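# Summary of the model geometry
Here is what each chain is made of, one letter per residue.
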Amino acid sequence: MSSYDVAEEIRAALPETDEIFVQYLAGYLLDDAAEDEDAMSVARLMLESAALSASTKDTAQVVDGIMAKLGELLKDLLEERAQKQGQAQRLQRLDKVLDMSKTATMSSTLAFAEGVDLESINKGKASRVDVKKLEKQEAKLRAKIEKRARRPGGDLYEGSKLLKETKAKESYEEMFMKINSLDAAKDARNKSKDIHLPSIDVSFGSNRILSGASLTLAHGRRYGIIGRNGVGKSTLLRHIAMREVPIPAHITILFVEQEIIGDDTIAIDSVLKADVWRDHLLREEASLNARMAALDTDASKALDEARDELDTRLSDVHARLADMDAASGPARAAALLAGLGFNEADQQRPTKSFSGGWRMRLALARALFVKPALLLLDEPSNHIDLNALAWLEDYLQTWEGTLLVVSHDRAFLDAVATDIIHQHSGRLDYYKGNFTQFYSTKSERERNLRREYDAQMEYRAHLQAFIDRWRYNANRAAQAQSKIKILEKLPEITPPEVDETETFRFPETEKIAPPLLQLDSVTFGYDPAKPPILNKISIDVGLDSRIAVVGSNGAGKSTLIKLLTGDLSPMAGQMNRNGRLRVGYFAQHHVETLIPTMNPVQFLASKFPGKTEQEYRSHLGNFQISGMTGLQLIGTLSGGQKSRVAFAVLSMLRPHILLLDEPTNHLDLEGLDALMKALSDWNGGVIVISHDERFITHVASELWVCGDGTVSKFHGDVQAYKQLIVGNIKAKP
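These lines cover the structure that appears in this document, whether it is placed above or below. This is a predicted model, so every value here is computed, not measured.

### Notes on the overall build of the protein
- Across its full length, the protein carries 28 helices and 17 strands.
- Residues classed as buried in the protein amount to 42% of the 733 residues present.
- Expressed as a percentage of contacts within the protein between residues at least 6 apart in sequence, the contacts between residues at least 24 apart total 69%.
- Only carbon and sulfur atoms are counted for the fraction: they give 52% of the accessible area of the protein, which is about 40,300 Å².

In structure tokens:
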């Protein structure tokens, strides 16, 4: 029986309970400090409070069930504690005879304190406690508890407005009109759109993300936010989007975080409706025109005043539509969709017919169409292919407003960002330039701080050595005192922060005789009645292969990977595969293959039984899943941590060839560097589908383009391919 077993029982009964609470209660029940208390009664009170906070139905029944299971788990421990308490309360033999008739005047502590009367020590001393103040504070505390008890739903914890509004699930239109007023654009005409907030605090639940940080965004600049996984970059964007950070009201904001909900609205109309005020005014214009037409059929002079009112309002609507350039809307929407890979036929399809990745592109197109003063993007490159990414980089370079983007893609940040914000240690550090310039400046700054710190530590050591040697020497005492004063006046310098580095490691694979994996004139299509997706494809993969496959979404890249894994069989042609070959496949949506109710150790054990828990944990450590993270439920892990678990599963196969479909999604910069280094050092073959230019450049030695039913080698690097894509898009009428 361990704290893990106790915590599992609590999680199973109250799945919505905060993990910190679960760990605390499990530790308390097993802690020796609970021996002197009725631990189970305390636990019941805590569980009842947690059940009420989670709005659990049949609270008493649920708590009774948990207590019964905990009683069974802790039976031996509770019996042992009961025995100890019984021994502590047994009769004591006194060293001398006592007259019990006089015990009323005897201290209750005298007999148990080795002759020292503890109780009488403080007799006669006046209490320093201000009784009136104590009563006042207790009254305040009672009032606060009563107020919480009267709160709707009985919530004992009041979360942030962001969480409440998320639960309320307001529609996009309601949220847009709440965050961005109709008059925001007009109010901003003579006002600065710069943002300077000298001290902001951002928290998520009980976790403090920023404390006294300065948020400074100059209008027209493009900021890239970088930081480790879990540091709170996305949370910061959400707080800004909800105006939980006090952004001036005349600055319009739009945040692209998740895909749109599919319905019968066609794609281009979905983009046009994204500008809620434009859509609202156009509908009002149509209504006013209809009412004016109805009034025009009646020549009565009594209606002249109504006509004047409608005419005045119509003029105001026309002025507002002109200000927002409403007439150019359809052309702008079509151009944005085309740049993101939607052809004319796709633009007329209902949004519900698109997959999640394409709906994410629609969400991006909607945001670009609105043209807010402050555009917030969270990992935009995760959901688009290299072709669309090349167009997006080119488009954002001419963005007129302020851009704040979270991204791990260094090439994207190099192409788009004018400034970098480094989020770490509860603060925001600002650097001019793109990511490459940031890295150079940061490295130089860290070297200077290290030199300054080392120099002062050496000087301090020199002063201290002099003081220690001559402090008690009569001839040198004055000099020693002088050195002491110098030492005391030296400013305190904290040691420079050392960036944590990550390492991934794939096990060496044994050599097997070629050919390993070959496609010879292979043709494949899902529908024999339609043209094949891949036609007469030939490819040879060996242990020394380092191939990157690029192309637009739907061109057949993932289909090619599934042919190589054997998940699909060719319609024509031949596939040759070595009988001893082991292939590791990292799917783009790898999260779907993980079981959220298991922890990483349990998941590895279910896939590869027969090893000890320590061996599984050691293997997970090769991909930075260490400590308690290995015992944390997969469903509670971040996207980057789930990717690491998926890589650990792959390496357990000891593959000869790795097929990786968008492996860089969700990895932070340090994780990405670790993956690139591991693949470069590994002795097996690699085929990768990726949109990350830097990753492709470091890992692949060949670039293959998938499109028009073929897969052909591209003679050039990724940068040349992206330039070709952007040129082709711009050349289209």
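### Looking at the nonpolar core
- Of all hydrophobic cores here, the largest spans 96 residues; its most connected members are Leu 368, Phe 506, Phe 647, Leu 660 and Leu 679.
- Those residues in contact with Leu 660 that sit more than four places away from it in its chain are Phe 586, Phe 647, Leu 650, Leu 679, Val 686, Ile 687, Val 688 and Ile 689.
- Core analysis: the second largest hydrophobic core is formed by 30 residues, Ile 179, Met 242, Ala 373 and Leu 374 among them.

### Focus on the pattern of salt bridges
- In the structure shown here, the tally under the stated rule is 23 salt bridges.
- Asp 316 serves as the salt-bridge partner of Arg 320, at 3.5 Å between the closest nitrogen and oxygen. Here the residue Arg 320 and the residue Asp 316 both occupy positions in helix α14 (residues 304-323), the gap between them amounting to four residues, near one helical turn.
- The exposure class of Arg 320 is buried, given its relative accessible area of 17%.
- Overall, Asp 316 belongs to the partly exposed group, its relative accessible area being 30%.
- In this structure, a network of salt bridges that share partners links the residues Glu 284, Arg 313, Asp 316 and Arg 320.

### As for the sheet that holds strand β10 (residues 534-541)
- What the three strands build is an open sheet, ordered β10-β9-β12; its pairing is antiparallel. One side of each edge strand has no neighbouring strand; the edge strands of this open sheet are β10 and β12 (572-577). Neighbour to neighbour, the strand axes of the sheet diverge by 10 degrees on average, direction disregarded.
- Note: strand β9 (residues 517-524) against β10, five bridges, orientation antiparallel.

### Here's the deal with the pairing of strand β4 (residues 253-256)
- Of the two faces of β4, the one holding Ile 253 and Phe 255 and the one holding Leu 254 and Val 256 are both buried throughout.
- With four bridges connecting them, β4 and strand β5 (residues 374-378) associate as parallel partners. Within β5, the residue paired with Ile 253 across the bridge is Leu 374.

### A closer look at the sheet that holds strand β8 (residues 427-432)
- The mixed open sheet is built from six strands, whose spatial order is β4-β5-β6-β3-β7-β8. A strand with exactly one partner marks an edge of an open sheet, and here the two such strands are β4 and β8. Neighbouring strand axes in the sheet, compared pairwise and without regard to direction, differ in orientation by 20 degrees on average.

### Remarks on the packing of helix α1 (residues 3-13) against helix α2 (residues 19-30)
- Two numbers describe how α1 lies on α2: the axes approach to 9 Å, and their chain directions differ by 135 degrees. Judged on the interaxial angle alone, α2 and α1 are oblique. The handedness of the crossing between α1 and α2 is right-handed. Facing Ser 3, Val 6, Ala 7, Ile 10 and Arg 11 of α1, the residues of α2 in contact are Glu 19, Val 22, Gln 23, Leu 25, Ala 26, Leu 29 and Leu 30.

### Observations regarding the environment of Gly 579
- Tracing the chain through its elements places Gly 579 in the loop between β12 and β13 (583-586).
- Put simply, Gly 579 and Ile 512 are 67 residues apart on the chain and 9.9 Å apart in space, counted from C-alpha to C-alpha.

### A closer look at the environment of Leu 653
- Mapped onto the fold, Leu 653 is located in the loop between α25 (639-652) and β14 (657-661).
- Separated by 46 residues in sequence, Leu 653 and Lys 607 have C-alpha atoms that sit 9.9 Å apart.
- Once residues lying within four places of it in the same chain are set aside, the contact partners of Leu 653 are Arg 582, Val 583, Gly 584 and Phe 608.

### Examining unusual backbone geometry
- With an omega dihedral of -5 degrees, the bond running from Pro 514 to Pro 515 counts as a cis peptide bond.
- For Lys 536, which is not glycine, the phi torsion reads 55 degrees and is therefore positive.
- Structurally, Lys 536 can be placed in strand β10.
- Exposure remark for Lys 536: the relative accessible area of 63% places this residue in the exposed category.

### A closer look at the packing of helix α20 (residues 435-470) against helix α21 (residues 477-489)
- In contact at an axis separation of 9 Å, α20 and α21 are set at 150 degrees when each is read in the N-to-C sense. Taken together, the axes of α20 and α21 are roughly antiparallel relative to one another. The handedness of the crossing between α20 and α21 is left-handed. Counting all contacts with α20, which are made through Tyr 459, Arg 460, Leu 463, Gln 464, Phe 466, Ile 467 and Trp 470, the residues of α21 involved are Ala 477, Gln 479, Ala 480, Lys 483, Ile 484, Ile 486 and Leu 487.

### Digging into the packing of aromatic side chains
- Here the structure, examined in full by the defined rule, presents 13 aromatic pairs.
- Aromatic pair Phe 504 and Phe 647: ring centres 6.3 Å apart, planes at 45 degrees, arrangement tilted. Here Phe 647 lies in helix α25 and Phe 504 lies in the loop between α21 and β9, a separation of 143 residues in the sequence. As far as burial versus exposure is concerned, Phe 504 and Phe 647 are alike and both buried.
- Pairing Phe 524 with Tyr 526 gives two aromatic rings, centres 4.9 Å apart and planes at 85 degrees, and the pair type is edge-to-face.
- Aromatic rings pair up to connect Phe 504, Phe 506, Phe 586, Phe 623, Phe 647 and Trp 682 into one cluster.
- Lying over the aromatic face of Tyr 439, Arg 410 brings its terminal NZ or CZ to 5.8 Å of the ring centre.
- Lys 483 extends its terminal NZ or CZ atom over the ring of Phe 466, reaching a point 5.4 Å from the ring centre.

### Looking at the side chain of Gln 347
- Structurally, Gln 347 is set in helix α16 (residues 344-347).
- Polar contacts involving the side chain of Gln 347 include one to the main-chain carbonyl oxygen of Phe 342, which spans 3.3 Å.
- For Gln 347, the contacting residues outside a window of four places in its chain are Ile 266, Ala 267, Ile 268, Ala 334, Leu 337, Ala 338 and Phe 342.

### Some thoughts on a negative patch on the surface
- Where like charges cluster on the molecular surface, the negative patch consists of Glu 305, Asp 308, Glu 309 and Asp 311.
- One can find Asp 308 in helix α14.

### Observations regarding the side chain of His 250
- Within the secondary structure, His 250 sits in the loop between α11 (233-241) and β4.
- One polar contact links the side chain of His 250 to the main-chain carbonyl oxygen of Ser 192, over a distance of 2.8 Å.
- For His 250, the residues in contact, after removing those within four places along its chain, are Ala 184, Asp 187, Ala 188, Lys 191, Ser 192 and Lys 193.

### Examining the environment of Phe 342
- Turning to its location among the elements, Phe 342 is positioned in the loop between α15 (329-339) and α16.
- Exposure remark for Phe 342: the relative accessible area of 2% places this residue in the buried category.
- Sequence separation of Phe 342 and Ala 267 is 75 residues, and the distance between their C-alpha atoms is 9.0 Å.
- Among residues more than four places away in sequence, those in contact with Phe 342 are Leu 337, Gln 347, Phe 354, Trp 358, Arg 361 and Leu 362.

Rules behind the numbers
Residues numbered from 1 in each chain as written. Predicted model: local features only at pLDDT ≥ 70, side-chain atom pairs only at ≥ 80, totals over all residues. Heavy atoms only, no water. Helix = DSSP H or I, 4+ residues; strand = E, 2+ residues; numbered from the N terminus. Buried < 20%, exposed > 50% of the residue type's maximum accessible area, 1.4 Å probe, protein only. Contact = heavy atoms within 4.5 Å. Areas by Shrake-Rupley, 256 points an atom, 1.4 Å probe, with all protein chains shown as cover. Core = buried A, V, L, I, M, F, W, Y, C linked by side-chain atoms within 4.5 Å. Salt bridge = Lys/Arg side-chain N within 4 Å of Asp/Glu carboxyl O. Pairing = 2+ DSSP bridges. Axes fitted to C-alpha atoms, helices over the stretch in contact; angles between N-to-C directions. Parallel < 35°, antiparallel > 145°, perpendicular 65-115°, else oblique. Left-handed = near helix turned anticlockwise from the far one by under 90°. Phe/Tyr/Trp six-rings, centres within 6.5 Å; stacked < 30°, edge-to-face > 60°. Lys NZ or Arg CZ within 6 Å of the ring centre and 35° of its normal. Polar contact = N/O pair within 3.5 Å; in protein donor to acceptor, adjacent residues only side chain to side chain. Patch = residues over 30% accessible without salt bridge, like charges linked within 9 Å, V, L, I, M, F, W, Y side chains within 5 Å. Lys, Arg positive; Asp, Glu negative; His and termini not counted. Charge placed at Lys NZ, Arg CZ, Asp CG, Glu CD.

By themselves, these observations are geometric and do not establish any function.
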